Amino acid sequence: MAQQEDVFKKIVSHAKEYGFVFQSSEIYDGLAAVYDYGQNGVEMKNNIKRYWWDAMTLLHENIVGIDSAIFMHPTIWKASGHVDAFNDPLIDNRDSKKRYRADVLIEEDLAKIDDKIEKEVAKAKKRFGESFDEAMFRHTNPRVLDYTKQREELHERFAKAMNDNNLDELRQIIIDREIVCPVSGTKNWTEVRQFNLMFRTEMGSTADGAMTVYLRPETAQGIFVNYLNVQKTGRMRIPFGIAQIGKAFRNEIVARQFIFRMREFEQMEMQFFVRPGQELEWFEYWKQWRLRWHKALGLGDSKYRYHDHDKLAHYANAATDIEFEMPFGFKEVEGIHSRTNFDLSQHEKYSGKNIKYFDPELNESYTPYVIETSIGVDRMFLSVLCSSYEEQKLEGGDTRVVLHLPAALSPVKCAVMPLVKKDGLPEKAQEIVNDLKFDFATRYDEKDSIGKRYRRQDAIGTPFCITVDHQTLEDSTVTLRERDSMEQTRVNIADLHKLIHDKVSLTTLLRKLA
Ligand code: GAP
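For clarity, every value in this text was computed on a predicted model and none was experimentally measured. (Residues numbered from 1 in each chain as written. Predicted model: local features only at pLDDT ≥ 70, side-chain atom pairs only at ≥ 80, totals over all residues. Heavy atoms only, no water.)

Draft legend 1. Representation of the sheet that holds strand β4 (residues 87-92). Read across the open sheet, the 3 strands follow the order β5-β4-β6; overall the sheet is antiparallel. In this open sheet, the two strands that pair with only one neighbour each are β5 (99-101) and β6 (193-196). Pairwise comparison of adjacent strand axes, ignoring direction, gives a mean angle of 45° for this sheet. Relative to β5, β4 is paired through 3 bridges, and the arrangement is antiparallel. (Pairing = 2+ DSSP bridges. Helix = DSSP H or I, 4+ residues; strand = E, 2+ residues; numbered from the N terminus. Axes fitted to C-alpha atoms, helices over the stretch in contact; angles between N-to-C directions.)

Structure (structure tokens):
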């Protein structure tokens, strides 16, 4: 675990050193849980967004996009339940004066029991070698059985307390489990209180009677309140979807782990409107399809798992997370929710408007049911970055840091380098840049030794380096170096475009989903 934490620290400093992610307002000592994307980060982030957008809107004829405003009428947040119920249960430690989410403290305690079980299994595996029957061991070993029972009891108690919104019981679990503050090491806890996560601001001057408005905590509501506009103007028929990418804001109290939990972040959300009664079929469809979207990137199938929700929001009838194995454990990257007709019914009630859909096939009007897929751009970015980072030992004792980014997501697709800064090589290299730059993010680099230049590109995940040497001037060939294998092949300049395109284009990636 400590080793994984070290790797994570290295990834965070790498992200800064190579222009991916900076702390916001750094020269003013930073603003907690707010980050800026640098020159390489913004390109990679845009590529992630493009992959999602095209996968949703190009590959599904019945999905269109919108871009709704961040500010919305405040009653929307009353209707959606965010004003009354978008809360985190918080607890303070009186000695360290640190504030924690009570549910997170208990989840971490559950994870500790899981670790103990896994340690017992790993020990036994080592002891028994080839002949080890893991399933049998898990079912019969007294220690594992004891931990498993403890876990189940705790989990059940925790889920019930969360479902009942029972803050006293959450505190009692923390006391009973003897959970201590990681900073002070004491059990001197306050009561648990609810804390609303929405940021508020004022719209209009006070003289005119200012209105309290909220920075949206999710983009989804912008889709719900526009669904009929889109349906009518786009002549959409159920089932159909509306996709949106945009900023969301949450006043997270426990903001940790770099860009994993931020106060300002970006979401890619899609609401899929279906006939009542068909929502669970569509939920299953989207659950499978979204996982395929993730796996097509080739980051490793074993890095993903589903996590079905124990605590369903009162309006949901199914919900699952797609979790990704980060250096700090499996964590939620995306949520897929069957939200019934809750949101649309609420907006109908609070607005007083009829927003029912008329189904021409059934010749009747109804409030559609909704399946939502909701993924954080920043969490997706973090999962790609973490799983791509490698400190590689090379033959001869050298090391290189390389980002094995999926080529379609790399900020730079190819770098063109003259071997030396004379004899007409820079001019030839520039000529190649001027040709490739229309289709690929291309960099020109002539500074430092060729080895150093390759390392710089490896560190930002550039799939190809093209080197122009004296032979280029004679026969119009260059060397094409591939990032992961470091293999160099001599190719014709005329073939470069196709060779690069086949590997880096988004189309190649999207075709895997067809
Ligand atoms: N409309 C549903 C919704 O917002 P959510 O599970 O609260 O659901 C969806 O959020 C996704 O948004 C999460 O899976 C995560 O990727 C991302 N997300 C949520 N809170 C975040 C935060 N504070 N920082 C970064 N990403 C966040």
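What follows picks up the thread again.
Draft legend 2. Region of interest: the site of the ligand. Neighbouring the ligand are 20 residues, the closest being E218, M262, E269, E332 and V333. Interatomic distance of 2.5 Å between a side-chain N/O atom of E332 and an oxygen atom of the ligand. Contact with the protein chains covers 91% of the free accessible surface of the ligand, which is 550 Å². Of all the secondary-structure elements, those providing two or more residues to the shell around the ligand are β10 (264-274), β13 (329-338) and β16 (369-376). Of the residues in the shell around the ligand, the class split is 5 nonpolar, 5 polar and 10 charged. (Near = heavy atom within 4 Å. Polar contact = N/O pair within 3.5 Å; in protein donor to acceptor, adjacent residues only side chain to side chain. Areas by Shrake-Rupley, 256 points an atom, 1.4 Å probe, with all protein chains shown as cover. Nonpolar A, V, L, I, M, F, W, Y, C, P; charged D, E, K, R; others polar.)

Draft legend 3. Main features of the side chain of T479. Tracing the chain through its elements places T479 in strand β22 (residues 477-482). Non-local contacts of T479, meaning those with residues more than four positions away in its chain, are made with Y454, C465, I466, T467, Q488, T489 and R490. (Contact = heavy atoms within 4.5 Å.)

Draft legend 4. View of the packing of aromatic side chains. Within the structure shown, the criterion is met by 20 aromatic pairs. Ring centres 5.0 Å apart and planes at 25° place the aromatic pair Y227 and F273 in the stacked group. A residue pair is termed long-range when its members are at least 10 positions apart, and Y227 in helix α10 (residues 227-233) and F273 in strand β10 qualify at 46 residues. Like F273, Y227 is buried. Ring centres of W282 and Y285 lie 5.3 Å apart, and the angle between their planes is 75°; on these two criteria the pair is classed as edge-to-face. On the criterion of helical spacing, the pair formed by W282 and Y285 is a turn pair, its members being 3 residues apart in helix α11 (residues 279-295). (Phe/Tyr/Trp six-rings, centres within 6.5 Å; stacked < 30°, edge-to-face > 60°. Buried < 20%, exposed > 50% of the residue type's maximum accessible area, 1.4 Å probe, protein only.)

Draft legend 5. Examining the pattern of salt bridges more closely. Counted by the stated rule, this structure contains 42 salt bridges. Here E169 makes a salt bridge to R157, at a shortest N to O gap of 2.7 Å. Taken together, the residues E169 in helix α8 (residues 167-176) and R157 in helix α7 (residues 142-163) connect sequence positions 12 residues apart. Classification of R157 as partly exposed rests on a relative accessible area of 29%. Across the pair K247 and E264 runs a salt bridge, and its minimum N-O distance is 2.7 Å. One end of the pair, K247, is in strand β9 (residues 240-249); the other, E264, is in strand β10, with 17 residues separating them in the sequence. (Salt bridge = Lys/Arg side-chain N within 4 Å of Asp/Glu carboxyl O.)

Draft legend 6. Local environment of the domain arrangement of the chain. Here the chain is described as being made up of domain 1 (1-75 + 197-395), domain 2 (87-195) and domain 3 (412-513). A straight line from the C-alpha centre of domain 2 to that of domain 3 covers 51 Å. (Domains from an automatic or database assignment.)

Draft legend 7. Representation of unusual backbone geometry within the structure. A cis amide bond links I238 to the next residue, P239, at an omega of 5°. Structurally, P239 can be placed in the loop between α10 and β9. Even without being a glycine, D29 presents a positive backbone phi close to 75°. Mapped onto the elements of the fold, D29 is located in the loop between β1 (21-23) and β2 (35-37). According to the relative accessible area criterion, D29 is exposed, its value standing at 77%. The phi torsion at M486 lies on the positive side, around 60°, for a residue other than glycine.

Draft legend 8. Just helix α5 (residues 102-128), in detail. If you check α5, its first and last C-alpha atoms are 40 Å apart, about what 27 residues at 1.5 Å a residue would give, namely 39 Å. Along α5, the residues that are buried comprise A102, D103, V104, L105, I106, D109, L110, I113, I117, E120, V121 and A124. In this structure, the buried residues of α5 make contact with β4, β5, α6 (134-140), α7 and α8. (Expected span 1.5 Å × (residues − 1).)

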